[in-house]
Each structure stands twice: as structure tokens, then as C-alpha cells.
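# Chains, contacts and geometry: an overview
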Amino acid sequence: MAILHSNLETDLRLAAIIEREIHALLTDQASMRTSGAIDFKGDVAGMGSDTLRVRYAGLDGFDSFSATATENTDVAETALTDASSDIAVVRAALRYDIGDLANLTGVPGADIDPFRLAGSMVGSFEQYFNGLVATTMATATANVGGSGVNLSVDNWFAAMAALEIASVPGPYWALLFPQQLSDLKQSLRSENNALQELGDVQAQMKIFGQGFAGNLLGVNVYTSSDVVTANAGADSAGAMWGQGALGFAIGTPRPLAGAGGEVRAAGTPVVVEMQRDASAALTEVVGHAYCGVSLIEDDRCVQIISDR
């Protein structure tokens, strides 16, 4: 009998070997937190409350001068307009358990181990944050588009017009569901030369890294699969907003004395701790983060509704 690989698989050969590198499964790895689109309002650590209040007053031109009837007309008082918005910081967490046998049989430096799981927590938090942003922007009062229709260039101009009419200063940002972006690009193709005078918008809508889709007519466009549904799940609730519409706050836990298994990822509020369950020969990898996102000024944001 010929010596074949198939004959040797039962004893002398492996049915399969594994590649030395662990690849991450395809997921939405964009981060709105670091995009500059969401204003960081502060850290509630040591502040005596889990809620941060953003205060506003009608200053610097909110109220206009008016001409008096005569030079000695008594001027009536103008009441100062004020407002505030609260950002509540809450805990989010994720836990993995890995057994000692799974750990010790892994390929050194290129497999699943407690430290690789700890590093993965940062990306998991960013996805949670994106979900907070998507949920928050869907609470905006103003909206353009419509249920069951594709997102079009007309809808895009309508969203920009809504912000401009409300005197919202730039820069402008937008977060769309991937299908919304695809429909918008299709609509751009049908515009022929109508947008040539506004610049090469097709060239601006290049393929970038995950999340950032380009700049369209001065609006920085991002996409995320976390964009929430509207109208009983039939539509997507994307949004366009001006700087200052959305804000977030965090809470940074104090370092624990003697916590040798604690890892703090630089540039994020994520804290990862490792603890042993000796009786089960397990290492528990637990990530914690304290964060909140709020719609700070409703007039600075407009929902973009189109089919899913």
C-alpha cells in the first residue's frame, strides 16, 4: 500500500496544523471616542457625584442690543437664558475565563493567553462607547430622510441645511450605518456633474480604515454597525451634528494597593484585573470602565433616517 498522508493522519500526521498567529475575527473596530467628534467633558473621580453637569448661559451674542425709543428711555431687563445637561457615568464590564491547560498548551507569543485577552478589552470598550454614541444621537429631535427610502444626496443637503438654519458652527460630523453610506455613494453616482463645482466629492469619499469614510461637502463621515434602528427595526437612525452636540465623561478608578494583577491601558479609562480561581485552575480576566455619553445641545444634532 502506498504511503499516503491520509493513511498517516491517524497516527503519524496531524489532521490540521494551526497558523502561528491569532487573527481577530472581523468586527467593527472604529473608535468614535478618539475621533474628535465627541467632546470630553471631564472625569468624575473624586468629584463627589457620578453625574457631571454641563452648564450653558446665553452670552456673547445670544441676546441682541435693541434701539431705544429715545435717548433717555428706561431699558427693561433681559432675563439671562441658562440651561444644563447631565452626563451620568455608569459601569461597563467584560470577563473572560481561561483554564491553565488552555494557557500552557498555547503557542508562545502567538496565541490566546491572559495578556492577549487583557489587551483585547480596549477594543471591546471602544465598541461599547460607539453604541453609547449611536443610542444618544438617536434622541435628537430634528430629523431628515424618511422610512423605507434610501439615503440620498438630497437628504444629506437637508441635514446640513437643518444645522445651518439653527446657526450651528462647524466642524460637522456624521455617523451612518454601512448601508446608509452605500446608498449615499450610489446617490452621488447619479448626480452626474451636479456637484463638480463643490469639489471632487467622489475623491473625498475614499476607502479609509474602519470607521472613517471620508469628508463629504465639509462633513467628516464615519460608519458604524452600532447605529440603532428606527421605525420598528425597518430603518437606521444615523445622524449629523456640529461640534459640541455630544459630550462624554468618564470615571477613573483609583489604583488598588497591592493589585499586582491590574492592567491600565494608556489613553483609555479601561482597567483590567486578573484573579485566580485556584480550585478550578482558571485565570479570570475582568475589564471595567466607567463612562457616559449625553446629547448636550439638541439643536446641534439632526437624525438621518433611511432604510436598513
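Residues numbered from 1 in each chain as written. Predicted model: local features only at pLDDT ≥ 70, side-chain atom pairs only at ≥ 80, totals over all residues. Heavy atoms only, no water.

### Focus on the pairing of strand β11 (residues 246-251)
Across the six residues of β11, six count as buried, placing the element largely inside the fold. Of the two faces of β11, the one lined by Leu246, Phe248 and Ile250 and the one lined by Gly247, Ala249 and Gly251 are each fully buried. Sheet topology places strand β1 (residues 39-43) next to β11; four bridges connect them, and they run parallel. Residue pairing across strands places phenylalanine 40 opposite phenylalanine 248, the latter belonging to β11. With six bridges joining them, β11 and strand β14 (residues 282-295) adopt antiparallel strand pairing. Of the residues in β14, the one forming a bridge with phenylalanine 248 is valine 293. (Buried < 20%, exposed > 50% of the residue type's maximum accessible area, 1.4 Å probe, protein only. Helix = DSSP H or I, 4+ residues; strand = E, 2+ residues; numbered from the N terminus. Pairing = 2+ DSSP bridges.)

### Here's the deal with the nonpolar core
Counting 31 residues, the largest nonpolar core has Phe129 and Trp241 as the members making the most contacts within it. Contributions of two or more residues to this core are made by α3 (114-137), β6 (172-176), β10 (235-242), β11 and β14. The element best represented in this core is α3, accounting for seven residues. Membership of the second largest hydrophobic core comes to 22 residues, among which are Trp156, Ala159, Leu216 and Leu217. (Core = buried A, V, L, I, M, F, W, Y, C linked by side-chain atoms within 4.5 Å.)

### Points about the confidence of the model for the protein chain
For the protein chain, the mean per-residue pLDDT works out to 84, and 83% of the residues sit at or above 70. Scored below 50 in pLDDT, residues 196-201 makes seven contacts in the model with residues more than four places away or belonging to other chains. (pLDDT = per-residue confidence, 0-100. Contact = heavy atoms within 4.5 Å.)

### A word on the environment of glutamine 275
Note on placement: glutamine 275 falls in strand β13 (residues 271-277). Residues glutamine 275 and aspartate 97, spaced 178 residues apart in sequence, show a C-alpha to C-alpha distance of 9.7 Å. Each residue touching glutamine 275, except ones within four places of it in the same chain, is listed here: Leu282, Thr283 and Glu284. In terms of polar contacts, glutamine 275 uses its side chain to reach the side chain of glutamate 284, at 2.5 Å. (Polar contact = N/O pair within 3.5 Å; in protein donor to acceptor, adjacent residues only side chain to side chain.)

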